[in-house]
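Okay, here's what each chain looks like letter by letter:
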Amino acid sequence: MELISTAKALEAHFKRLIETHSTISFGVAWASANTAVYEALFRNKVKISSAVIGIHFYQTDAKVLMDFAGSEQVKFVMQPNGVFHPKVFLFQSDGSWEAIIGSANLTAGALGKNTELCTLITHRDGLAVEEIQKLVNGYGQYARVVSKDDAKRYQAIREARKPQLDKLMDLYGERPSGKAAVDSSVMTLDWASYLMLLRTDKQGLKERLAFLDEIQAAFARAPTFQDLDGQTRRAIAGLPNQVIASAGWFGSMQGAGVYKNVVIERPEPFSRALEHIPAQGTVTKSQYGRFIEDYCSAFPDGRDGIATATRLLCMKRPDQFLCVDSANRKRLAKDVGLVRPDQLDYMRYWDEVVERILDAPWWRSAPPPSGQALKAWNARAAMLDALFYEP
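Rules used throughout
- All residue numbers refer to positions counted from 1 along the written sequence of the respective chain.
- The predicted origin of the model limits local features to residues at a pLDDT of at least 70 and limits the giving and counting of side-chain atom pairs to 80 or more, whereas totals for whole chains, interfaces and linings rest on all residues.
- Hydrogens and water molecules were not included; the side-chain quantities draw on all heavy atoms of the structure.
- The numbering of helices and of strands both runs from the N terminus, where a helix is a DSSP run of H or I of at least 4 residues and a strand a run of E of at least 2.
- The globule rule used for comparison is 2.2 Å times the number of residues to the exponent 0.38, while the radius of gyration itself is calculated over C-alpha atoms.
- Residue exposure (1.4 Å probe, protein chains only): buried if accessible area is under 20% of the type maximum, exposed if over 50%, otherwise partly exposed.
- Contact definition: two residues touch when any of their heavy atoms are within 4.5 Å.
- Two residue types count as positive, namely Lys and Arg, and two as negative, namely Asp and Glu; His and chain ends fall outside the count.
- Each charge is placed at NZ for Lys, CZ for Arg, CG for Asp and CD for Glu.
- For Phe, Tyr and Trp, rings pair up if their centres lie within 6.5 Å, where Trp contributes its six-membered ring, and each pair is then called stacked (planes under 30 degrees apart), edge-to-face (over 60) or tilted (otherwise).
- Strands were regarded as paired on the criterion that DSSP finds at least two bridges between them.
- Patches draw on residues past 30% relative accessible area with no salt bridge. Two like charges within 9 Å are joined, as are two nonpolar side chains (Val, Leu, Ile, Met, Phe, Trp, Tyr) within 5 Å.
- Method for areas: the Shrake-Rupley scheme with a 1.4 Å probe, in which residue coverage is limited to the protein chains shown.
- We count a salt bridge whenever a side-chain nitrogen from Lys or Arg sits within 4 Å of a carboxyl oxygen from Asp or Glu.
- Multiplying 1.5 Å by the residue count of a helix minus one yields the expected span of that helix.
- Only buried residues count toward a nonpolar core. Its members are Ala, Val, Leu, Ile, Met, Phe, Trp, Tyr and Cys residues joined through side-chain atoms within 4.5 Å.
- When the strands point away from the viewer and the connection leading from the first strand across the helix to the second strand turns clockwise, the crossover is called right-handed.
- As used here, the arc belongs to the directions running from the helix axis to the C-beta atoms.

Considerations on the overall build of the protein chain
In terms of helices and strands, the protein chain carries 17 helices and 7 strands. Compactness check: the protein chain gives a C-alpha radius of gyration of 28 Å against a globular reference of 21 Å for 391 residues, more than 25% above the reference. Seen through its C-alpha atoms, the protein chain measures out along the principal axes to roughly 90 × 40 × 35 Å. The proportion of buried residues among the 391 residues of the protein chain is 50%. Counting only contacts in the protein chain whose residues sit at least 6 apart along the sequence, the fraction spanning at least 24 positions is 70%. On the protein chain, the mean spot of the 48 positive side-chain charges and the mean spot of the 45 negative ones are 2 Å from each other.

Rendered as structure tokens:
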């Protein structure tokens, strides 16, 4: 008997057992296809006498289902009553057997970053292999043979739900966060606590909301951004102007020279970009992508950037977008654990900033009935600037 407490040791044992024994049977909650152990198992699939794999929470790779579609030996629990959760692997040859029982699934996590603990037992430990084999065989009552069509349908559902699954693991985008979501002091607040914090803003919640009212009124006055007069466009864009003195709130873009020229002289690309952003309803990632495409077309020689793009977004939709610039980026990054915030690009902004905002309890709250609270709720994403801004 041996305790296996490291991923390296677990992988080594699995590879040895798969290659050296003549018969394999197992029951496991989940399986990944992108591991050396799975590759070894698939190469030796003729050795598998019986196996059952679960798919609960869509944690099993769709490729695993496709690889074993039609197999009578490898079945899947497609609709478990509760969670199918065993982890037992039995390897047999003439006169000998070995088994691994413990916490590890046949997944990349178990063979990588997870903390697992398993026990390796053998025929020398005085246990009856028949008991283990009966246990594994019994899992078949919950499982069925899957077809290629089953695998394709499972893959479609899994891909559609992957963003939700990633968020359950605090994974926003491709870069793991530098801290757990629960450790954020702002993104974990309920609406009442968030509003209370906004009311401590030194610039004044009332004043900020009055400014956003002026901006929204300006958008409502004209069909498109390019139809507005130049001074109003400057105010929306965060540039010095003659109509709204406090236009530097929510991101001053005073030093963005190329951007300023586009706003004043050729606003058509920005206008086209903003038309992709609906006035109501949750803005989708595809709508945001079209915005970015038209926004970037205004800078054929470069000099575009997150600050100027998100300034326009948060003025059009302050309920969903935050202008991220050098004045608030540091504190934002500290609160949510952004890694290398200086490298924040358009894709990372959506995945690591917008998606976090959309998951915040205060963002998901029901709208207040009226008054200042309702105005603040309608600008709840942009108002993060009041909390993260530092001169």
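What to know about the packing of aromatic side chains
For any pair of aromatic rings, geometry is given as the distance between the ring centres together with the angle between the planes. Scanning the model with the defined rule gives 23 aromatic pairs in all. Residues Tyr38 and Phe68 carry aromatic rings whose centres are separated by 6.5 Å and whose planes lie at 85° to one another, so their mutual orientation is edge-to-face. Here Tyr38 is found in helix H2 (residues 36-43), whereas its partner Phe68 is found in the loop between helix H3 (62-67) and strand S4 (74-77), with 30 residues between them in sequence. Its relative accessible area of 5% is what places Phe68 among the buried residues. Linked through ring pairs, Tyr259, Phe270, Phe291, Tyr295, Phe299 and Tyr346 together constitute an aromatic cluster.

So, the pairing of strand S6 (residues 96-102)
In the case of a regular strand, side chains alternate between the two sheet surfaces. Alignment of strand S5 (residues 87-93) against S6, held across 6 bridges, turns out to be antiparallel. Looking at S6, one finds that Gln92 is bridged to Trp97. Count of turn residues in the S5/S6 antiparallel hairpin: 2 residues, of which Gly95 carries a positive phi of about 80°. Where S6 meets strand S7 (residues 118-122), 5 bridges bridge the pair, whose relative direction is antiparallel. Among the inter-strand pairings, Ile101 is bridged to a residue of S7, identified as Thr119.

Quick look at a positive patch on the surface
There is a patch of like positive charges on the surface, built from Lys202, Lys330, Arg331 and Lys334. You can see Lys202 is positioned in the loop between helix H6 (191-198) and helix H7 (205-221).

Some words on helix H5 (residues 148-168)
Across its 21 residues, H5 extends 29 Å between first and last C-alpha, which sits within 8% of the 30 Å expected from 1.5 Å per residue. Within the sequence span of H5, burial applies to Asp150, Ala151, Tyr154, Leu165 and Asp166. As for H5, its buried residues are in contact with H3. Just past H5, the residue Asp170 takes up positive phi, approximately 60°.

Describing the nonpolar core
Core analysis: the biggest nonpolar cluster contains 76 residues, and Tyr194, Phe270, Phe291, Trp362, Met383 and Leu384 have the highest contact counts within it. If we ignore the near neighbours within four places in the chain, the residues touching Tyr194 are Val186, Leu189, Trp362, Arg380, Met383, Leu384 and Leu387. Formed by 38 residues, the second largest nonpolar core is a distinct cluster that contains Ile24, Val64, Phe68 and Leu165.

Thoughts on unusual backbone geometry
Unusually for a residue other than glycine, Asp170 sits at a positive phi of about 60°. Residue placement: Asp170 occurs in the loop between H5 and H6. The backbone phi angle of Phe250 is positive, close to 65°, even though this residue is not glycine.

Let's talk about the pairing of strand S3 (residues 48-54)
With 6 of 7 residues buried, S3 lies mostly within the body of the structure. Sheet analysis places strand S2 (residues 23-28) next to S3, joined by 5 bridges and oriented parallel. Across the sheet, Val28 pairs through a bridge with Ile53, a residue of S3. A crossover links S2 with its parallel partner S3, the connecting element being H2, and its sense is right-handed. As paired elements, S3 and S4 share 4 bridges and run parallel to each other. Bridge pairing in S4 places Ala51 opposite Val74. In the classification by handedness, the crossover that spans S3, the intervening H3 and the parallel S4 is right-handed.

Quick word on the environment of Arg43
Looking at the element boundaries, Arg43 is found in helix H2. Between the C-alpha atom of Arg43 and that of Glu19, which follows or precedes it by 24 residues, the distance is 9.4 Å.

Observations concerning helix H4 (residues 129-138)
Of all the positions in H4, only Val129, Ile132, Gln133 and Val136 are classed as buried. Relative to the axis of H4, the buried residues are bounded by an arc of 95° and lie together on one face. Residues Glu130, Glu131 and Lys134 are exposed on H4 and point more than 90 degrees away from its buried face. In this fold, the buried residues of H4 make contact with S2, S3, S5, S6 and S7.

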